[in-house]
Amino acid sequence: MAAKPRIVVVGGGAAGLELVARLGRKLARRGRAEVILVERNRSHIWKPLLHEVASGALDSSLDEVGYRSHAHRYGYRYFPRALEAIDRDAQAVVLAPIVDEDGEEVMGRYRLSYDWLVIAIGSVSNDFGTPGVAEHCIYLDQRRQAERFRQKLLNLCLKVSQQVSDDPASDAKVRVAIVGGGATGVELSAELYNAARELAHYGLERFDNSRMDVTLVEAGPRILPAVPERVSDAAHKELERIGVHVRTATRIVACTPQGMQTADGDLIAAPLRVWAAGIKAPDFLKDIAGLETNRLNQLVVTPELRTSRDPRIFAIGDCCSCALPGWERPVPPRAQAAHQMASRTARNLAALLAGRPLKPFVYKDHGSLVSLSHYSTIGSLMGNLVGGSMRVEGRIARFVYVSLYRLHLIAVHGWLRAIAMILVGHINRVIRPRIKLH
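Residues numbered from 1 in each chain as written. Predicted model: local features only at pLDDT ≥ 70, side-chain atom pairs only at ≥ 80, totals over all residues. Heavy atoms only, no water.

A. Inspection of the overall build of the protein at higher detail. The helix and strand inventory of the protein stands at eleven helices and 27 strands. Taking 2.2 N^0.38 as the reference for a compact globule, 438 residues should give roughly 22 Å; the C-alpha atoms of the protein span a radius of gyration of 23 Å, in line with that estimate. Over its C-alpha atoms, taken along the principal directions, the protein stretches across nearly 80 × 55 × 45 Å. The proportion of buried residues among the 438 residues of the protein is 52%. The long-range share in the protein, meaning contacts at least 24 apart out of those at least 6 apart in sequence, stands at 63%. Taking the average place of the 58 positive charges on the side chains of the protein and the average place of its 45 negative ones, the gap between the two points comes to 8 Å. (Helix = DSSP H or I, 4+ residues; strand = E, 2+ residues; numbered from the N terminus. Rg over C-alpha atoms; globule rule 2.2 N^0.38 Å. Buried < 20%, exposed > 50% of the residue type's maximum accessible area, 1.4 Å probe, protein only. Contact = heavy atoms within 4.5 Å. Lys, Arg positive; Asp, Glu negative; His and termini not counted. Charge placed at Lys NZ, Arg CZ, Asp CG, Glu CD.)

Put into structure tokens, the structure is as follows:
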């Protein structure tokens, strides 16, 4: 019996996990192909939710997806490994050894052959080589980083609460500096004030959002540069209304244990610092296996999402650079783009197995929405949704914003399971604390 074609997907983020779920249902379960997911982490959480994990608004253990159980349910195989190299001549990937916390090797280096390879390893924060950022800032690329931020935040809140209890006249505050006025920085800023308000209900009687001092720093002329200016201005005003100090046209040149150093010589003092100013693909992708990459380490792909130098290797999500006809810039690194790329790649791989021609990727920009915690949701809808561009806010914007995550749940779990998870989420909001306290 001839061996089944093998499809290896590296990366279990939004794009990778949705892809293996689709391939598992359509190909692996029916015996048409062997599908393997390579992902170094043991569980998945939707990256746009990490700012809620950081603030404590979301308990990541309730929303995570275990790769091993998901693989069993959808018929693909899961390898808990990290990609080390690609051998294009032999059509194989080299997977790094697994080493435990004591430095002992659990599993050795491994070679895994493929017929088609999909790279979907996402992106990491880009500090642009700014001195001190890697040592003194927290990125929000992974769950463990978000949880580290949350622990530091809780400790600072406890410290300030104690200082105020000892001296009611104290001006002690939790000072946080966030660099980057994109969606992550803006949403985290608002969530921090909501977290401070909630903490007052759970034992920190002398602590509320007036004790929170958040500075949001953006090098460009306005925050949220990806959305229309009127939406950006509305978000700016709302942030300032709830207490965030928004500093635009401010470039950070260094980070120290005391705070952020600006190009004008000012020091933004803050014991808790977050860098969310830009993204890039992981450094090890730069020229990996001779594949073409851009200055952000992203793999350059054709309109069919194949890498420009090897048609057997696809790249999707934030780690790829896809320039489409009629677009001035490559497809933006957004969750909606990752979702659409996963869907097209699943169809194209099925077409390859059936001997049919591939179809090019068509990106449909449905607009951008930003959640300012419980204070507001604001953004713009565009493209096929409204036949142009329309500003939305309030309940309508919140409904659409939440719907994006629900679409991800449906793609990963299917309709029935996703509906059940949404219902459980509503129940948890009633019976569980409104903020994670440990």
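Here the narrative resumes, following the displayed structure.
B. Quick look at the packing of helix α1 (residues 14-28) against helix α4 (residues 67-74). Here α1 crosses α4 at 25 degrees, and the two axes come no closer than 9 Å. When the axes of α1 and α4 are compared, the pair comes out roughly parallel. Of α4, the residues touching α1 (which contributes L17, A21, G24 and R25) are Y67, H70 and Y74. Taken together, the residues of the contact of α1 with α4 break down into four nonpolar, two polar and one charged. (Axes fitted to C-alpha atoms, helices over the stretch in contact; angles between N-to-C directions. Parallel < 35°, antiparallel > 145°, perpendicular 65-115°, else oblique. Nonpolar A, V, L, I, M, F, W, Y, C, P; charged D, E, K, R; others polar.)

C. Seen up close, a positive patch on the surface. The grouping of K26, R30, R32, R347, R356 and K359 at the surface amounts to a positive patch. For K359, the location among the structural elements is in the loop between α9 (335-354) and β25 (367-372). (Patch = residues over 30% accessible without salt bridge, like charges linked within 9 Å, V, L, I, M, F, W, Y side chains within 5 Å. Areas by Shrake-Rupley, 256 points an atom, 1.4 Å probe, with all protein chains shown as cover. Salt bridge = Lys/Arg side-chain N within 4 Å of Asp/Glu carboxyl O.)

D. Summary view of the environment of Q91. Mapped onto the elements of the fold, Q91 is located in the loop between β6 (83-87) and β7 (92-95). Judged by relative accessible area, which is 24%, Q91 ranks as partly exposed. Residues Q91 and T293, 202 residues apart in the sequence, show an inter-C-alpha distance of 19 Å. In contact with Q91, other than residues within four places in its own chain, are L112, S113, Y114, D115 and R312.

E. Seen up close, the side chain of T307. By secondary structure assignment, the location of T307 is in strand β22 (residues 306-307). Among the polar contacts listed, one links the side chain of T307 to the backbone oxygen of D310, at a separation of 2.7 Å. (Polar contact = N/O pair within 3.5 Å; in protein donor to acceptor, adjacent residues only side chain to side chain.)

F. Local environment of the nonpolar core. L23, I86, L117, I119, I316 and C322 are the most contacted members of the largest nonpolar core, which totals 61 residues. Broken down by element, this core gets its largest block of residues, eight residues, from α9. Excluding anything up to four places from it in sequence, C322 contacts V301, T302, L305, P330, V331, M341 and F361. Counting residues in hydrophobic clusters, the runner-up holds 51 residues, among them W46, F207, V244 and I422. (Core = buried A, V, L, I, M, F, W, Y, C linked by side-chain atoms within 4.5 Å.)

G. Just the pairing of strand β14 (residues 212-217), in detail. Buried residues dominate β14, accounting for six of its six residues. Here six bridges tie strand β13 (residues 174-179) to β14, and the two strands are oriented parallel to one another. Within the sheet, the bridge partner assigned to V179 lies in β14 and is V217. Relative to strand β15 (residues 245-247), β14 runs parallel, the two being bridged by three bridges. When the bridges of β15 are listed, V217 appears paired with R247. (Pairing = 2+ DSSP bridges.)

H. The arrangement of the sheet that holds strand β16 (residues 252-256) in detail. Reading across from one edge, β16-β17-β18 is the order of the three strands in this open sheet, with antiparallel pairing throughout. On the outer flanks of this sheet lie β16 and β18 (267-269), each paired with one strand and no other. Neighbour-to-neighbour, the strand axes of the sheet open up by a mean angle of 20 degrees, direction not taken into account. Sheet topology note: the strand β17 (residues 259-262)/β18 ladder contains three bridges and is antiparallel. Residue pairing for β18: G259 is matched across the bridge by A269.

I. Structural detail: the pattern of salt bridges. Under the criterion given, the structure shown has 13 salt bridges. Of the charged contacts, one joins R88 and D310 as a salt bridge, the two residues approaching to 3.1 Å between their closest N and O atoms. Here R88, found in the loop between β6 and β7, pairs with D310, found in strand β23 (residues 310-315); they are 222 residues apart in sequence, far enough to count as distant. Each of R6, E34 and R77 takes part in a single network of salt bridges with overlapping partners.

J. Spotlight on the pairing of β17. Strand direction decides the pairing type here: β16 and β17, joined by four bridges, are antiparallel. Bridge pairing in β17 places I252 opposite T262. Hairpin connection of β16 to β17: two residues between the antiparallel strands. Linking two consecutive strands that pair antiparallel, namely β17 and β18, is a turn of four residues; a positive phi of about 95 degrees is found at G265 within it.

K. How the structure looks around the environment of G122. Tracing the backbone through its elements, the reader meets G122 in the loop between β11 (116-119) and β12 (124-125). Placed 197 residues apart in sequence, G122 and C319 show a C-alpha to C-alpha distance of 4.9 Å. Contacts of G122, omitting those with residues within four sequence positions, involve A281, P282, D318 and C319.

L. Just the packing of aromatic side chains, in detail. For the coordinates displayed, the defined rule picks out five aromatic pairs. One aromatic cluster is present, built from ring pairs that chain together W327, F361 and Y363. (Phe/Tyr/Trp six-rings, centres within 6.5 Å; stacked < 30°, edge-to-face > 60°.)

M. Structural detail: the sheet that holds strand β19 (residues 272-275). Across the sheet, which stays open at both edges, the four strands sit in the order β15-β14-β13-β19 with parallel pairing between neighbours. Each of the sheet's edge strands pairs with one partner strand only, and the pair in question is β15 and β19. Direction aside, the axes of adjacent strands within the sheet are offset by 15 degrees on average.

N. How the structure looks around a nonpolar patch on the surface. The grouping of W415, I419 and L423 at the surface amounts to a nonpolar patch, some 360 Å² of accessible area in total. Looking at the secondary structure, you find W415 in helix α11 (residues 415-431).

So far we have only geometry, and geometry alone does not tell us how the molecule works.
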